[in-house]
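Chain and residue survey
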Amino acid sequence: MRSLESHNKYPDCLWMQLEAIPVASVAAQAQQLDIHLSLNFNEHWEPILGGRVKFGLQGGTLKLDLENCEMPVASRQLVGSFKLSPIEETQLIQSSSEVLLTENLRGVRDSHHAEKINETDCSFCHISTIGDDTKPAWIFGLEQGKSVLKGLLKSAKLGQFAAQPLRMTANFEVAKEDIYLTDAEGLWPHDITPNQHSVLARILTVYLQKNKFQPAISWALLSYNLPPVEQREVEIVPEAESQLQKIVDRIISAETDNFVELAKIANLNPAQDFAGSSLRGTTLSAVDFSSANLDRTNFRGANLNDVDFSDANLQNAKFGGADLSGAFLGNADLSGADLHKASLALANLSGANLSGANLLEVNLTNTNFSGANVEAARFGNNSGMDEEIQVNLQQRGAIFEEV
């Protein structure tokens, strides 16, 4: 007997379904179960504090807990970069084994709450795998170009099991750095500063992750000739939202616009709580972000003069148009970062990892690249760069393009 059930807390944001498809195996001389995964990503509006907030996901982790079966790393097939696609009639599946998937996808597509996804809205998703044979996991991450994951990953094969008594629990979990707020209405005045807005948005993100997304945003359970188990839910503490409102009010009425002071009022740690967040247009001059985790953080248009980013994790961060004049980025990890049209005048990048970073049209006047990894970093039309420095960077693996 095969029992398959699933639950999606926010199907507009993430809809997940597993399929167990029986197949005959000549080699094993026994029936096998092919396990397929479908995910649909989009944005969701959530009522909160008398207003509402819209969010999507930049990533997440799918965790399987297997009983009486195993999935070695070498057998896992869902790895690499994938272009997500819109849900269209032509994609809805014809085979009888996928009727349930078809109907559920149609329900997601026709939802009155979900925003329709066009081909141009769809994003690329990078997937890697970790975990041992009985607790395999897949890490999903947004590739550059979009703010959040959007589109459908349809019927991707995870692996295969022998059709014997087994139980498989799947949980899609998100950390606060995986959640990205894209809009908000009715929550604060329109004339707040970018610093206030960034801290307020992060407060809401932390609240959502702690109180709404636990233990997982989506889960599924497959039982084959074994009784199913109940999935636990986390109760929301009634006082949590009232406490959230108090902190929001304190940030709005604060007499300071200093980012570090606002973060302190919000009980946030600038070095740990802003990975994946939006700090667009903020004023962060001379802030100490040394050794901070700021993976995927959006700094577009921010004032970052003399900021200390030494030893910080800035992988895939967005710095388009930001002013990093005089910033110290020694030994920082900027791999995959987008610095298009930023200023790195007088900045120190000694020992930094710039592999795969975008430095097109960046101001590089008196920038220090000593010991930096510039393999596959893209340069072009850079003010302040002389021919000697360009040749040196090219010899170290940098790519120069015509812009």
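Residues numbered from 1 in each chain as written. Predicted model: local features only at pLDDT ≥ 70, side-chain atom pairs only at ≥ 80, totals over all residues. Heavy atoms only, no water.

As a further point, take the overall build of the protein. Helix and strand counts for the protein stand at five helices and 16 strands. Expressed as a percentage of the 403 residues in the protein, the buried residues total 51%. Nonlocal contacts in the protein, meaning residues at least 24 apart in sequence, comprise 54% of its contacts between residues at least 6 apart. For the protein, the exposed surface amounts to about 17,900 Å²; the carbon and sulfur share of it is 47%. (Helix = DSSP H or I, 4+ residues; strand = E, 2+ residues; numbered from the N terminus. Buried < 20%, exposed > 50% of the residue type's maximum accessible area, 1.4 Å probe, protein only. Contact = heavy atoms within 4.5 Å. Areas by Shrake-Rupley, 256 points an atom, 1.4 Å probe, with all protein chains shown as cover.)

Once that is clear, we can look at the sheet that holds strand β14 (residues 358–360). Overall, parallel pairing links the three strands, which are arranged β14-β15-β16 in an open sheet. Edge positions in the open sheet fall to β14 and β16 (399–400), since each of these has one partner strand only. (Pairing = 2+ DSSP bridges.)

Take the pattern of salt bridges next. Scanning the model with the defined rule gives 12 salt bridges in all. Here K176 makes a salt bridge to D273, at a shortest N to O gap of 3.6 Å. On the criterion of sequence distance, the pair formed by K176 in the loop between β11 (166–173) and β12 (179–185) and D273 in the loop between α4 (259–265) and β14 is long-range, its members being 97 residues apart. Under the relative-accessibility criterion, D273 is labelled buried at 14%. Each of D178, D295 and R296 takes part in one network of salt bridges that share partners. (Salt bridge = Lys/Arg side-chain N within 4 Å of Asp/Glu carboxyl O.)

Buried residues dominate strand β5 (residues 51–57), accounting for six of its seven residues. Here five bridges tie strand β4 (residues 44–48) to β5, and the two strands are oriented antiparallel to one another. By the bridge assignment for β5, H44 is matched with F55. The loop that links β4 with its antiparallel partner β5 comprises two residues; one of these, L49, has a positive phi angle of about 50°. Alignment of β5 against β12, held across six bridges, turns out to be antiparallel. Bridging across to β12, V53 finds its partner in A184.

What follows concerns the sheet that holds β4. Pairing is antiparallel across the open sheet formed by three strands, whose spatial order is β4-β5-β12. The outermost strands of the open sheet, each flanked by one partner alone, are β4 and β12. On average, adjacent strands in this sheet sit at an angle of 30° to one another, irrespective of strand direction. Where helix α2 (residues 194–211) meets the sheet, its contacts fall on β4, β5 and β12, and the angle it forms with β12 comes to roughly 120°. (Axes fitted to C-alpha atoms, helices over the stretch in contact; angles between N-to-C directions.)

In this structure, the largest pocket spans a volume of roughly 650 Å³. As for the largest pocket, its lining consists of 31 residues, and the residues nearest its centre are L181, T182, D183, H197 and S278. Mapped by element, the contributors of at least two residues to the lining of the largest pocket are β12 and α2. No other element matches the seven residues that β12 contributes to the lining of the largest pocket. Taken together, the residues of the lining of the largest pocket break down into 10 nonpolar, 13 polar and eight charged. (1 Å grid on protein atoms, 1.4 Å probe; cavity = no way out; pocket = protein on both sides within 12 Å on 5 of 7 lines; lining within 4 Å. Points joined across faces, edges and corners; volume = space filled by probe spheres on them. Nonpolar A, V, L, I, M, F, W, Y, C, P; charged D, E, K, R; others polar.)

Residues of the protein with pLDDT of at least 70 account for 89%, and the chain-wide mean is 90. Segment residues 89–103 is flagged for pLDDT under 50; beyond a separation of four residues in sequence, or across chains, it makes 23 contacts in the model. (pLDDT = per-residue confidence, 0-100.)

Turning our attention to the environment of A216. Residue position: A216 is located in the loop between α2 and β13 (218–224). Given the relative accessible area of 1%, A216 is considered buried. If we skip the residues at most four places from it in the chain, A216 touches K9, N171, F172 and E173.

It is worth spelling out the side chain of E43 at this point. The topology assignment puts E43 in the loop between β3 (30–41) and β4. Within the local environment of E43, its side chain forms a polar contact with the side chain of K150, the two groups lying 2.8 Å apart. A polar contact of 2.6 Å, which involves the side chain of E43, links it to the side chain of T182. (Polar contact = N/O pair within 3.5 Å; in protein donor to acceptor, adjacent residues only side chain to side chain.)

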